[in-house]
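Residue-level structural notes
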Amino acid sequence: MNAQIELNSISMSKNDPKIKQFEKYDVEANIEEIDNSDNESLFKYGFTALSNPKNVRLAIEGIARISGDSSERNELLNKDENDVPKILTMIYHELFPTFFLLSKSL
(Lines give C-alpha, C1' and ligand atoms only; values in the text may rest on other atoms or scores of the structure.)
Protein backbone atom coordinates (compact mmCIF):
# COMPACT_ATOMS: atom_id res chain seq x y z
CA MET A 1 0.00 0.00 0.00
CA ASN A 2 1.17 3.51 -0.81
CA ALA A 3 -0.30 6.76 0.55
CA GLN A 4 0.23 10.19 -0.95
CA ILE A 5 -1.16 13.10 1.07
CA GLU A 6 -1.64 16.31 -0.90
CA LEU A 7 -2.15 19.62 0.88
CA ASN A 8 -4.35 21.92 -1.20
CA SER A 9 -5.47 24.66 1.18
CA ILE A 10 -4.31 26.25 4.43
CA SER A 11 -6.30 28.89 6.27
CA MET A 12 -5.24 30.61 9.50
CA SER A 13 -6.84 33.31 11.59
CA LYS A 14 -6.31 34.89 14.98
CA ASN A 15 -9.06 37.08 16.43
CA ASP A 16 -7.22 38.80 19.28
CA PRO A 17 -3.43 39.24 19.08
CA LYS A 18 -3.30 40.03 22.82
CA ILE A 19 -4.31 36.50 23.80
CA LYS A 20 -1.08 34.52 23.92
CA GLN A 21 -2.05 31.36 25.82
CA PHE A 22 -4.77 28.78 25.57
CA GLU A 23 -5.27 25.33 26.97
CA LYS A 24 -5.66 23.15 23.92
CA TYR A 25 -6.91 22.76 20.36
CA ASP A 26 -10.22 21.11 19.52
CA VAL A 27 -9.83 19.31 16.19
CA GLU A 28 -12.68 18.66 13.77
CA ALA A 29 -12.12 16.32 10.84
CA ASN A 30 -14.02 15.15 7.80
CA ILE A 31 -13.29 12.80 4.94
CA GLU A 32 -15.16 11.94 1.76
CA GLU A 33 -14.35 9.30 -0.83
CA ILE A 34 -14.31 10.96 -4.25
CA ASP A 35 -13.04 8.10 -6.43
CA ASN A 36 -12.45 4.38 -6.11
CA SER A 37 -10.87 2.18 -8.77
CA ASP A 38 -9.29 -1.27 -8.75
CA ASN A 39 -5.87 0.03 -7.66
CA GLU A 40 -6.48 3.43 -6.08
CA SER A 41 -8.86 5.39 -3.87
CA LEU A 42 -9.07 9.17 -3.60
CA PHE A 43 -10.34 10.92 -0.50
CA LYS A 44 -10.98 14.60 0.13
CA TYR A 45 -10.11 15.47 3.72
CA GLY A 46 -10.35 18.50 5.97
CA PHE A 47 -9.04 19.28 9.45
CA THR A 48 -9.92 22.36 11.49
CA ALA A 49 -8.18 23.14 14.77
CA LEU A 50 -9.83 25.70 17.05
CA SER A 51 -8.03 26.95 20.14
CA ASN A 52 -9.75 26.72 23.49
CA PRO A 53 -10.50 29.43 24.55
CA LYS A 54 -11.53 30.32 21.02
CA ASN A 55 -9.11 32.69 19.35
CA VAL A 56 -7.05 30.80 16.77
CA ARG A 57 -8.42 28.80 13.83
CA LEU A 58 -6.30 26.61 11.52
CA ALA A 59 -7.87 24.77 8.60
CA ILE A 60 -6.16 22.37 6.23
CA GLU A 61 -7.77 20.61 3.25
CA GLY A 62 -6.45 18.30 0.60
CA ILE A 63 -6.55 14.96 -1.18
CA ALA A 64 -5.32 11.59 0.04
CA ARG A 65 -4.41 9.16 -2.73
CA ILE A 66 -4.22 5.57 -1.47
CA SER A 67 -2.96 2.89 -3.82
CA GLY A 68 -2.72 -0.84 -3.24
CA ASP A 69 -5.00 -3.83 -3.20
CA SER A 70 -8.61 -3.37 -2.15
CA SER A 71 -8.28 -5.31 1.12
CA GLU A 72 -5.50 -2.97 2.35
CA ARG A 73 -7.48 0.10 1.35
CA ASN A 74 -10.64 -1.23 2.99
CA GLU A 75 -8.71 -1.83 6.22
CA LEU A 76 -7.95 1.91 6.37
CA LEU A 77 -11.68 2.64 6.37
CA ASN A 78 -12.24 0.59 9.53
CA LYS A 79 -12.51 2.48 12.79
CA ASP A 80 -9.98 2.28 15.59
CA GLU A 81 -10.69 1.86 19.31
CA ASN A 82 -11.64 5.58 19.51
CA ASP A 83 -14.25 5.16 16.74
CA VAL A 84 -12.12 7.18 14.26
CA PRO A 85 -11.47 5.84 10.75
CA LYS A 86 -7.85 4.72 10.52
CA ILE A 87 -7.33 6.75 7.36
CA LEU A 88 -8.02 10.00 9.26
CA THR A 89 -5.42 9.09 11.88
CA MET A 90 -2.90 8.30 9.15
CA ILE A 91 -3.54 11.64 7.40
CA TYR A 92 -3.38 13.55 10.70
CA HIS A 93 0.00 12.01 11.52
CA GLU A 94 1.32 13.19 8.15
CA LEU A 95 -0.04 16.71 8.72
CA PHE A 96 0.89 17.07 12.40
CA PRO A 97 4.25 18.83 11.75
CA THR A 98 2.40 21.39 9.62
CA PHE A 99 -0.22 21.97 12.34
CA PHE A 100 2.55 22.29 14.93
CA LEU A 101 4.55 24.88 12.98
CA LEU A 102 1.49 26.91 12.04
CA SER A 103 0.13 26.94 15.59
CA LYS A 104 3.50 28.13 16.93
CA SER A 105 3.59 30.94 14.38
CA LEU A 106 0.20 32.22 15.56
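Below: a short report on this structure. (Residues numbered from 1 in each chain as written. Predicted model: local features only at pLDDT ≥ 70, side-chain atom pairs only at ≥ 80, totals over all residues. Heavy atoms only, no water.)

1. Notes on the environment of Glu-6
The test is simple: Runs of H or I in DSSP of at least four residues are treated as helices and runs of E of at least two as strands, each being numbered from the N terminus. Buried residues are those whose accessible area, probed at 1.4 Å on protein chains only, stays under 20% of the maximum for their type, while exposed residues exceed 50% and partly exposed ones sit between those limits. Here, two residues are considered to be in contact whenever any of their heavy atoms come within 4.5 Å of each other.
Among the secondary structure elements, Glu-6 is positioned in strand β1 (residues 2-14). The exposure class of Glu-6 is partly exposed, given its relative accessible area of 24%. Considering only alpha carbons, one finds Glu-6 and Glu-61, 55 residues apart in sequence, at a separation of 8.6 Å. In this structure Glu-6 touches Tyr-45, Glu-61, Gly-62, Ile-63 and Arg-65, once residues within four positions along its chain are discounted.

2. Structural notes on the sheet that holds strand β3 (residues 40-52)
The condition is simple: Two strands qualify as a pair provided DSSP detects at least 2 bridges between them. Helix axes are fitted only over the stretch in contact, all axes being lines through C-alpha atoms; the angle between N-to-C directions runs from 0 to 180 degrees.
Spatial strand order, β1-β4-β3-β2: 4 strands in an open sheet with antiparallel pairing. Each of the sheet's edge strands pairs with one partner strand only, and the pair in question is β1 and β2 (24-36). Across the sheet, the mean angle from the axis of one strand to that of its neighbour is 15°, orientation sign disregarded. Relative to β3, β2 runs antiparallel, the two being bridged by 12 bridges. Opposite Ile-31, over in β3, you have Tyr-45 as the bridge partner. Each of β1, β2, β3 and β4 (56-67) touches helix α2 (residues 86-105); the most contacted strand, β1, lies at about 35° to it.

3. A word on α2
Basically, it comes down to this: Multiplying 1.5 Å by the helix residue count minus one yields the expected span of that helix. The term bend refers to the angle at a residue between two fitted axes, each drawn through seven residues, those ending there and those starting there.
Between its first and last C-alpha atoms α2 spans 29 Å; for 20 residues at 1.5 Å apiece the expected length is 28 Å, and the two agree. Of all the bends in α2, the greatest reaches close to 50° and is centred on Leu-95; the proline Pro-97 follows between one and four positions later. Here the buried face of α2 lies against β1, β2, β3, β4 and α1 (70-77).

4. Looking at the packing of aromatic side chains
Which entries qualify depends on this criterion: In this scheme Phe, Tyr and Trp rings, the latter by its six-membered ring, pair at centre separations within 6.5 Å, and the angle between planes marks the pair as stacked below 30 degrees, edge-to-face above 60, and tilted otherwise.
Under the defined criterion, the tally for this structure stands at 6 aromatic pairs. Note on Phe-47 and Tyr-92: the rings are 5.7 Å apart at their centroids and 50° apart in plane angle, and the pair reads as tilted. Note that Phe-47 is positioned in strand β3 and Tyr-92 in helix α2, a separation of 45 residues in sequence. You can call Tyr-92 partly exposed: its relative accessible area is 26%. When the centroid spacing of 6.3 Å and the interplanar angle of 85° are considered together, the rings of Phe-47 and Phe-99 count as edge-to-face. Of the two residues, Phe-47 is situated in strand β3 and Phe-99 in helix α2; the sequence distance between them amounts to 52 residues. Here the aromatic cluster, defined as three or more aromatic residues joined through ring pairs, consists of Tyr-45, Phe-47, Tyr-92, Phe-96, Phe-99 and Phe-100.

5. As for the pairing of β4
Successive residues of a regular strand alternate their side chains across the two faces of the sheet. Where β1 meets β4, 12 bridges bridge the pair, whose relative direction is antiparallel. For Lys-14, the partnering residue across the bridge sits in β4 and is Val-56. Here β3 runs beside β4; their pairing, made up of 11 bridges, is antiparallel. Across the sheet, residue Ser-41 finds its bridge partner in β4, namely Ile-66. Between β3 and β4, which pair antiparallel and follow one another directly, the connecting turn spans 3 residues.

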